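So the chains spell out like this:
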Amino acid sequence: MKVRIKNNTVRFRLDQIDVENIKHNGFCEEVSQILDQKLVFSIKNGENKPNNVQLSPFRLETTVPEDSIIPVLDGSQTGITFTLPNPDGTMLTIMIERDFKCLVPRGEEDEHAFENPLAGSGSC
């Protein structure tokens, strides 16, 4: 899983392993060791629970209802987006997307990324 945070938007990009983990285990997570702490980002299949985000020290847990996440898991949609209100009146945007291989090699690891639908089309 790749995680990108900019302002009030958190973007999760799921590779093939992440998708399989959600399908079979109900969740996926990315753990980064930073000095003596672990920073954890997770996405959970919430079955019938509403979209939710919980933030605790060193952990961001995102729960998505099954009917919303299934199209991303089965490939019928490349991603979903939802918003939640912050206590200060601003909005938090969560984006969950399939991670596609880059069309132009950049040196980043794409080993488990999905094949890019534009590959071979001559388009960038």
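None of the values given here were measured: they were computed from a predicted structure.

**Some remarks on the layout of surface pockets**
Here's step 1: Computed from the structure, the largest pocket encloses a volume of approximately 210 Å³.
Here's step 2: Lining the largest pocket are 15 residues, and of these Met-1, Asp-15, Asp-18, Glu-109 and His-112 lie nearest its centre.
Here's step 3: Among the elements of the structure, helix H1 (16-25) and strand S3 (27-34) are those that each provide at least two residues to the lining of the largest pocket.
Here's step 4: Sort the elements by how many residues they give to the lining of the largest pocket and H1 lands first, with 3 residues.
Here's step 5: For the lining of the largest pocket, the per-class residue count stands at 3 nonpolar, 2 polar and 10 charged.
Here's step 6: The space that makes up the second largest pocket amounts to roughly 160 Å³.

**As for the environment of Met-1**
Here's step 1: Note on placement: Met-1 falls in the segment before strand S1 (2-6).
Here's step 2: For the pair Met-1 and Glu-20, spaced 19 residues apart in sequence, the C-alpha separation works out to 12 Å.
Here's step 3: Setting aside chain neighbours within four positions, we find Met-1 in contact with Phe-12, Arg-13, Leu-14, Asp-15, Asp-18, Cys-28, Glu-29, Glu-30, Phe-41 and Ile-43.

**Re the sheet that holds S3**
Here's step 1: Reading across the sheet, the 4 strands line up as S3-S4-S6-S5 and stay open at both edges, with mixed pairing between neighbours. The sheet is open, and its two edges are formed by S3 and strand S5 (52-56), each paired on a single side. Ignoring which end each strand starts from, the neighbouring axes of this sheet average 10° apart.
Here's step 2: In this structure, S5 lies alongside strand S6 (residues 59-64), joined through 5 bridges in antiparallel fashion. Looking across to S6, one finds that Leu-55 is bridged to Leu-60.
Here's step 3: The sheet contacts of H1 involve S3 and strand S4 (37-45), and relative to S3 the element is tilted by about 125°.

**Quick word on H1**
Here's step 1: Every buried residue belonging to H1 is among Asp-18, Val-19 and Ile-22, and all of these are buried. Angularly, the buried residues of H1 cover 100° about the axis, an arc narrow enough to put them on a single face.
Here's step 2: In the core, the buried residues of H1 are packed alongside strand S2 (9-14), S3, S4, helix H2 (66-74) and strand S8 (91-98).
Here's step 3: Where H1 starts, the residue carrying a side-chain oxygen 3.0 Å from the main-chain nitrogen of Ile-17 turns out to be Asp-15.
Here's step 4: Downstream of H1 by one or two residues, Gly-26 has phi in the positive range, about 85°.

Cut-offs and rules
Residues numbered from 1 in each chain as written. Predicted model: local features only at pLDDT ≥ 70, side-chain atom pairs only at ≥ 80, totals over all residues. Heavy atoms only, no water. 1 Å grid on protein atoms, 1.4 Å probe; cavity = no way out; pocket = protein on both sides within 12 Å on 5 of 7 lines; lining within 4 Å. Points joined across faces, edges and corners; volume = space filled by probe spheres on them. Helix = DSSP H or I, 4+ residues; strand = E, 2+ residues; numbered from the N terminus. Nonpolar A, V, L, I, M, F, W, Y, C, P; charged D, E, K, R; others polar. Contact = heavy atoms within 4.5 Å. Pairing = 2+ DSSP bridges. Axes fitted to C-alpha atoms, helices over the stretch in contact; angles between N-to-C directions. Buried < 20%, exposed > 50% of the residue type's maximum accessible area, 1.4 Å probe, protein only. Arc of directions from axis to C-beta. Polar contact = N/O pair within 3.5 Å; in protein donor to acceptor, adjacent residues only side chain to side chain.

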